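Report on the structure
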Amino acid sequence: MPQVTVTLAEGRTPAQLRALLHEVHGAVLRTTGTRPEYIRVVVHEVPRTHWATGDVTLTELDAAGRDPAGPAEKEQ
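Residues numbered from 1 in each chain as written. Predicted model: local features only at pLDDT ≥ 70, side-chain atom pairs only at ≥ 80, totals over all residues. Heavy atoms only, no water.

Here strand β1 (residues 3-9) pairs with strand β2 (residues 40-46) via 7 bridges, running parallel. Looking at the pairing, Q3 lines up with R40 of β2. Each parallel crossover has a hand, and the one from β1 via helix α1 (residues 14-32) to β2 is right-handed. (Pairing = 2+ DSSP bridges. Helix = DSSP H or I, 4+ residues; strand = E, 2+ residues; numbered from the N terminus. Right-handed = clockwise from strand over helix to strand, strands pointing away.)

The structure is reproduced here in structure tokens:
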């Protein structure tokens, strides 16, 4: 029984989270041959005040107008 855990900073809409669950489920289904009802996908949303990158919280990065993903993510 595959279980996938996704941890991300809070801030997505319910529709975005549902799309994420759907896409991850589909990827596991395509690549493992497991029956759909055996696939578990769990999303953990972390408050932006509880997630730090380089000793700076995501909330602090937001306030400074900085992207925590860095320049490579912006180009994609």
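Quick look at the pattern of salt bridges now. In total, this model carries 2 salt bridges according to the counting rule given. With its nearest N and O atoms 2.4 Å apart, the salt bridge here joins E37 to R35. E37 gets classed as partly exposed once you look at its relative accessible area, which sits at 40%. The partner of R48 in a salt bridge is D62, with the nearest N and O atoms 2.7 Å apart. Taken together, the residues span a long stretch of sequence, with R48 in the loop between β2 and β3 (52-53) and D62 in helix α2 (residues 58-64) at a distance of 14 residues. A residue is classified by how much of its surface remains accessible, and R48, at 21% relative accessible area, is partly exposed. (Salt bridge = Lys/Arg side-chain N within 4 Å of Asp/Glu carboxyl O. Buried < 20%, exposed > 50% of the residue type's maximum accessible area, 1.4 Å probe, protein only.)

On to unusual backbone geometry. The general pattern is negative phi for most residues beyond glycine and trans for most peptide bonds. With a phi close to 65°, D55 is a non-glycine residue in the positive phi region. Tracing the backbone through its elements, the reader meets D55 in the loop between β3 and β4 (56-57).

With that settled, consider the UniProt feature "domain: 4-oxalocrotonate tautomerase-like" (unreviewed entry) in the chain. The positions that UniProt labels "domain: 4-oxalocrotonate tautomerase-like" (unreviewed entry) are, in the present scheme, residues 2-59. In the segment residues 2-59, helix accounts for 36% and strand for 31%; the C-alpha atoms at its two ends are 33 Å apart. (UniProt positions renumbered as here; feature names shortened; annotations may be inferred.)

Note that A15 resides in helix α1. Separated by 21 residues in the primary sequence, A15 and P36 have C-alpha atoms spaced 21 Å apart.

Our focus in this paragraph is α1. For α1, spanning 19 residues, the distance from its first C-alpha to its last is 27 Å, which sits close to the expected 27 Å at 1.5 Å a residue. Along α1, the residues that are buried comprise L17, V24, G26 and V28. Where α1 is buried, its residues touch β1 and β2. Positive phi shows up at G33, right after α1, with a value of about 75°. (Expected span 1.5 Å × (residues − 1). Contact = heavy atoms within 4.5 Å.)

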